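The primary structure of each chain is shown beneath.
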Amino acid sequence: LSLRESKMASSGVPLLIDSLIDSNEQGSWIRSPIEELDIAGNMIWANDIGCLTNLFKPASDSLVKLVLSSNPIGADGLKTLSQSLSNLRNLEDLDISSTYAGERGTTYVLEPLAFLENLKTLKLKDNTIPGETSVMLDISPLDRIVSPGVACGVNWVSCGLAFVIETGLWRSISTLDLGQNPMCAQGMHIFSKGLIACNIVTLTDLSLSNNKINADGATHLAEALSRVGHGMLRLSLAKNMISSEGMIALAKPLHNMSKLEHLLLTENGITETGGMALGNSLIHLFNLTSFSIGRNPIKNEGTTSIIIGLQNSFDSLEALDVSICHFDGPNLSVPISAGLARMKSLKELNMEGDALNLQGLSHITSALTITKFNLVTLNLGGVQMYADGAKLLSGVLIQFRYLKDLGIGYNKLGDHGLKMILPALHECASISYLGLQHNNLGPTSIFLLADFILKSANLVQVLLYGNNIHYGPNGLTPLASCRHKVTWDTDV
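Just so we're clear, the structure is a prediction, and the values are computed from it rather than from any experiment.

Novice: Sorry if this is basic, but what is going on with the overall build of the protein here?
Specialist: A tally of helices and strands in the protein yields 14 helices and 20 strands. When the 492 residues of the protein are sorted by exposure, 53% land in the buried category. Here the analysis covers contacts within the protein between residues at least 6 apart in sequence; of these, 84% occur between residues at least 24 apart. Just so you have it, the protein exposes about 20400 Å², and 50% of that area is on carbon and sulfur atoms.

Novice: Looking at this structure, I do not really get the pattern of salt bridges. What am I missing?
Specialist: Side-chain pairing between opposite charges can occur once the charged atoms of the two side chains come close. Within this structure, the stated rule accounts for 9 salt bridges. Put simply, Asp 315 and Lys 344 hold a salt bridge, and the shortest N to O gap is 3.8 Å. Linking Asp 315 in the loop between helix H9 (299–309) and strand E14 (319–321) with Lys 344 in the loop between helix H10 (329–342) and strand E15 (348–350), this pair joins segments that are 29 residues apart in sequence. Glu 427 is paired through a salt bridge with Arg 401; the nearest N and O atoms lie 3.3 Å apart. Of the two residues, Glu 427 is situated in the loop between helix H13 (414–426) and strand E18 (433–435) and Arg 401 in the loop between helix H12 (386–397) and strand E17 (405–407); the sequence distance between them amounts to 26 residues.

Novice: Looking at this structure, I do not really get the pairing of strand E1 (residues 21–24). What am I missing?
Specialist: The two faces of a sheet get side chains in turn, since along a regular strand they alternate between them. Pairing of E1 with strand E2 (residues 27–30) involves 4 bridges; the strand directions are antiparallel. Each residue of the ladder has a partner; that of Ser 23, found in E2, is Ser 28.

Novice: Before we go on, may I ask you to explain the side chain of Asp 48 in this structure?
Specialist: Note on placement: Asp 48 falls in helix H2 (residues 46–52). Arg 104 provides the closest opposite charge to the buried, salt-bridge-free Asp 48, at an N-O distance of 16 Å. A distance of 2.7 Å separates a polar side-chain atom of Asp 48 from the backbone nitrogen of Trp 45. Leave out the neighbours within four places in its chain, and Asp 48 touches Ser 10, Val 13 and Met 43.

Novice: Can you help me understand the layout of surface pockets in this one?
Specialist: The probe, sized like a water molecule, is rolled over the atoms to show the empty space still left. Looking at the largest pocket, its volume works out to about 250 Å³. The wall of the largest pocket is formed by 15 residues, among which Lys 125, Asp 177, Ser 207, Arg 234 and Ser 236 lie closest to the centre. Those elements giving two or more residues to the lining of the largest pocket turn out to be strand E9 (175–177), strand E10 (205–207), strand E11 (234–236) and strand E12 (262–264). Of the residues forming the lining of the largest pocket, the biggest block, 3 residues, is contributed by E9. Among the residues forming the lining of the largest pocket, the class breakdown is 2 nonpolar, 8 polar and 5 charged.

Novice: Can you help me understand the nonpolar core in this one?
Specialist: Side chains that are nonpolar tend, in soluble globular proteins, to be buried together. One finds Leu 85, Leu 206, Leu 263, Leu 278, Phe 291, Ile 293 and Leu 397 to be the most contacted residues of the largest nonpolar core, which totals 132 residues. For Ile 293, the contacting residues outside a window of four places in its chain are Leu 265, Ile 270, Leu 278, Ile 298, Ile 306, Asp 321, Val 322 and Cys 325.

Novice: Whenever I open this one, the packing of H10 against helix H11 (residues 357–369) confuses me. Can you help?
Specialist: For any two helices packed against each other, one specifies the crossing angle of their axes together with the interaxial distance. Where H10 meets H11, the closest approach of the two axes is 8 Å, and the angle between their N-to-C directions is 5°. Regarding the angle of H10 to H11, the classification is roughly parallel. Between H10 and H11, the residues in contact are Gly 329, Pro 330, Ser 333, Val 334, Ile 336, Ser 337, Leu 340 and Ala 341 and Asn 357, Gln 359, Gly 360, His 363, Ile 364, Ala 367 and Leu 368, respectively. In terms of residue class, the contact of H10 with H11 is made up of 8 nonpolar, 7 polar and no charged.

Novice: Could you clarify how one ought to interpret the environment of Val 64 in this entry?
Specialist: Structurally, Val 64 is set in the loop between H2 and strand E4 (65–67). On the basis of relative accessible area, Val 64 is assigned to the partly exposed category, the value being 21%. Sequence-distant contacts of Val 64, defined by excluding residues within four places in its chain, comprise Glu 35, Asn 90, Leu 91, Glu 92 and Asp 93.

Novice: Help me understand the environment of Phe 191, please; the structure alone is not making it clear to me.
Specialist: For Phe 191, the location among the structural elements is in helix H5 (residues 184–198). When the C-alpha positions of Phe 191 and His 220 are compared, they lie 8.8 Å apart, and in sequence the two are 29 residues distant.

Novice: Is there a simple way to explain the packing of H11 against H12 in this structure?
Specialist: Across the interface, H11 lies against H12 with an axial gap of 9 Å and an inter-helix angle of 5°. Classified by the interaxial angle, the pair formed by H11 and H12 is roughly parallel. Contact with H11, carried on its side by Leu 358, Leu 361, Ser 362, Thr 365, Leu 368 and Thr 369, involves Asp 388, Gly 389, Leu 392, Leu 393 and Val 396 of H12 and no other residues of that element. When its residues are assigned to classes, the contact of H11 with H12 shows 6 nonpolar, 4 polar and 1 charged.

Novice: Is there a simple way to explain unusual backbone geometry in this structure?
Specialist: A negative phi holds for most residues other than glycine; trans holds for most peptide bonds. Phi angles above zero are rare outside glycine, and Lys 239 is one such case at about 55°. Of note, Lys 239 is situated in the loop between E11 and helix H7 (243–254).

Novice: Teacher, can you tell me more about helix H8 (residues 272–282) here?
Specialist: Three- or four-residue spacings in an α-helix give side chains the same orientation, since the helix completes a turn every 3.6 residues. Looking only at H8, the buried set comprises Gly 274, Gly 275, Ala 277, Leu 278, Gly 279, Ser 281 and Leu 282. For H8, the secondary structure elements touched by its buried residues are H7, E12, strand E13 (290–292) and H9.

Novice: Got a minute to help me understand H7 in this structure?
Specialist: Look at H7: 16 Å from first C-alpha to last across 12 residues, which is about the 16 Å you get at 1.5 Å a residue. Every buried residue of H7 is accounted for by Ser 244, Gly 246, Met 247, Ala 249, Leu 250, Ala 251, Pro 253 and Leu 254. Where the residues of H7 are buried, they touch helix H6 (214–228), E12 and H8.

Procedures and definitions
Within any chain, residue numbers begin from 1 and follow the written order of that chain's sequence. Local features in a predicted model are, by the rule used here, given only for residues with pLDDT of at least 70; side-chain atom pairs are given and counted only at 80 or more, and totals for whole chains, interfaces and linings are based on all residues. In computing side-chain properties, one takes all heavy atoms of the structure into account and sets aside hydrogens as well as water. We count a stretch as a helix when DSSP gives it H or I for four or more residues in a row; a strand needs E for two or more, and each element gets its number in order from the N terminus. Three exposure classes are used, based on accessible area relative to the maximum for each residue type with a 1.4 Å probe and protein chains only: buried under 20%, partly exposed in between, and exposed over 50%. Any two residues whose heavy atoms approach within 4.5 Å at even a single point are treated as in contact. Every accessible area reported is derived by Shrake-Rupley at a probe size of 1.4 Å, with residue values counting cover from the shown protein chains alone. Any carboxyl oxygen of Asp or Glu that lies within 4 Å of a side-chain nitrogen of Lys or Arg is treated as forming a salt bridge with it. Only strands that DSSP links by at least two bridges are regarded as paired with each other. Here the positive residues are Lys and Arg and the negative ones are Asp and Glu; neither His nor the chain ends is included. Polar contact is the term for a pair of N or O atoms within 3.5 Å; when the atoms are in protein, one must be able to donate a hydrogen and the other to accept it, and sequence-neighboring residues count only if both atoms are side-chain atoms. Cavity means a closed set of points on a 1 Å grid over the protein atoms alone, one where a 1.4 Å probe fits but cannot get out, pocket means an open set with protein on both sides within 12 Å along at least 5 of 7 lines, and lining means a residue has an atom within 4 Å of a point. Grid points are joined across faces, edges and corners, and a volume is the space filled by probe spheres set on the points. In this count, Pro and Cys sit with the nonpolar residues alongside Ala, Val, Leu, Ile, Met, Phe, Trp and Tyr, while Asp, Glu, Lys and Arg are called charged and the others, Gly among them, polar. Nonpolar core, defined: a set of buried Ala, Val, Leu, Ile, Met, Phe, Trp, Tyr and Cys residues in which side-chain atoms within 4.5 Å join the residues together. To obtain each axis, a line is fitted to C-alpha atoms, and for helices this fit is confined to the stretch in contact; angles are then taken between N-to-C directions over 0 to 180 degrees. When an angle is under 35 degrees it counts as roughly parallel; over 145 it counts as roughly antiparallel; between 65 and 115 it counts as roughly perpendicular; any other value is oblique. Each residue after the first adds 1.5 Å to the expected span of a helix.

See the structure below:
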C-alpha cells in the first residue's frame, strides 16, 4: 500500500487505520494482509504516530517494509514508534530518513531494532545524527533472539549511528543509508568499529555521503571495509572531504571488492595522487555499472589512471561522471574517447566543466559516433563548445533517439550555435530536460526555441537563464504558447 506524498496529513491517519483493521472486545485484526506500507512525505507529526502504531500488532506477521521518511515525526514521535516497533517481528526494511530524529530520536528507535532479527535495510539519511555525542543502551537478555547462554550486551553509540553488537546480532543486514548526518571523523571511527565487531559480511549497500568524515574517517572506514566489504555492491561516499590521503587508504580494500557495482566519490578534494591510487584499484573491479569521480581535481595523471583502471568494467558501465576534474581537455580527451569507444552499455555521461574545447570535443564526438550504446543523459555543460562545437555535437545527437536529459549550458553557443543543434534535437523525441543557460542566446533564438518546444511531446524543463532572449520588440511573446508544457528555469 503506497500513499507516498498523498497529502494525507494528520486527519488522514485515523481514516487509514480504520480502513485497514477491524476490532471487537476480544482484539483487533487486519482485514487484508499488508506486506509494504509507504506513507512518506505526508506531513505526519508526532501526535499521529500513536494512532499509526495501532496497526503494528495485527500486521505483525505480514508487514515486511515500513517507509515513514520525509515526515516531521521528530524525537517524540519516534519515541512512540519505538514502543510498538518490536511487534513487527518480520520487518525487513525500515526507512525513517528525514524525520527530524536527531540524536534523541535515533536513540529511541534503535533500542527495539535489536529485537527485529529479520531486519536487512535501515535508512536514517538526513537526520542530523551528531558525531560528537554518544549514547549507550544496554539491551539484555535477548534469549528469544539468540541461543540461551550467549552474552547479549548491545551497545548503540549514536556517533553517526555507530554500533557495537558484541553478539554479532544483525549479521544479516544488507543495506545501511546514513547519508547527510554530520558524522565526522570521530563518528566514523566508532561506526567502523561497529562494522568490524558485528562482522556484517552480508552488507551490500552502504551510503555515507555528505558526512564530512575527512581523511581520518576514511582511513577508519577502509579498515572496516577490508573486513566486511568483500560482498559489497554499492558504496556512496560523496561530499566527505576525504582528500587524497583518505582515497589512498580506501584504495586498498577496493582491491578485494570485486563485486562492486556502484561507486560514488563525487566532490571529495581528491587530487592526482589519490586518483592514481584509485585507478590502480579499479582494475580489479569487473562489474561496475555506475562510477562517479566528478568535482575532484584529479587532473591529467589521476584521470588517465582511472580511465585505464575502468577498462575491465567497460562492458558493464552504465553511468560515468568525470565532471570538473581539472584535466587538460584536448590531450586527455584522447584516452577518454578511446575508452568510450569500447563501452557497450553506457547510458549516462557527465563531462560538465571539463575544458575540452573544439579539439577535445572532436575526439569525444567521434568516439560517440561509433558506439553501440544508447545514451539517456548527456551533460557537456561548460566544455568550451561554441558554435563550431555545436555542429560537431549535432552529428552525434541524431543517433541517440532515447536521450532524455541534455545539458549544454555555459558554452557560448550563440544564436548560430543553437540553430545548428536544434535540427538534431528534433530527432530526439524522448528529450525531457534541456539546459541552455548562459549561452549568449539573443532574441532571434526565441522563435527557434518556441517551434522546438511545441513539437517536443515530452519536454518538461528548459533552463534559459543568463541569456539575452528577452531583448527586442517581441520580447518573450513567441514563447508564451509554450508555458502550458514547460516548467521554466529562467531569470527573465
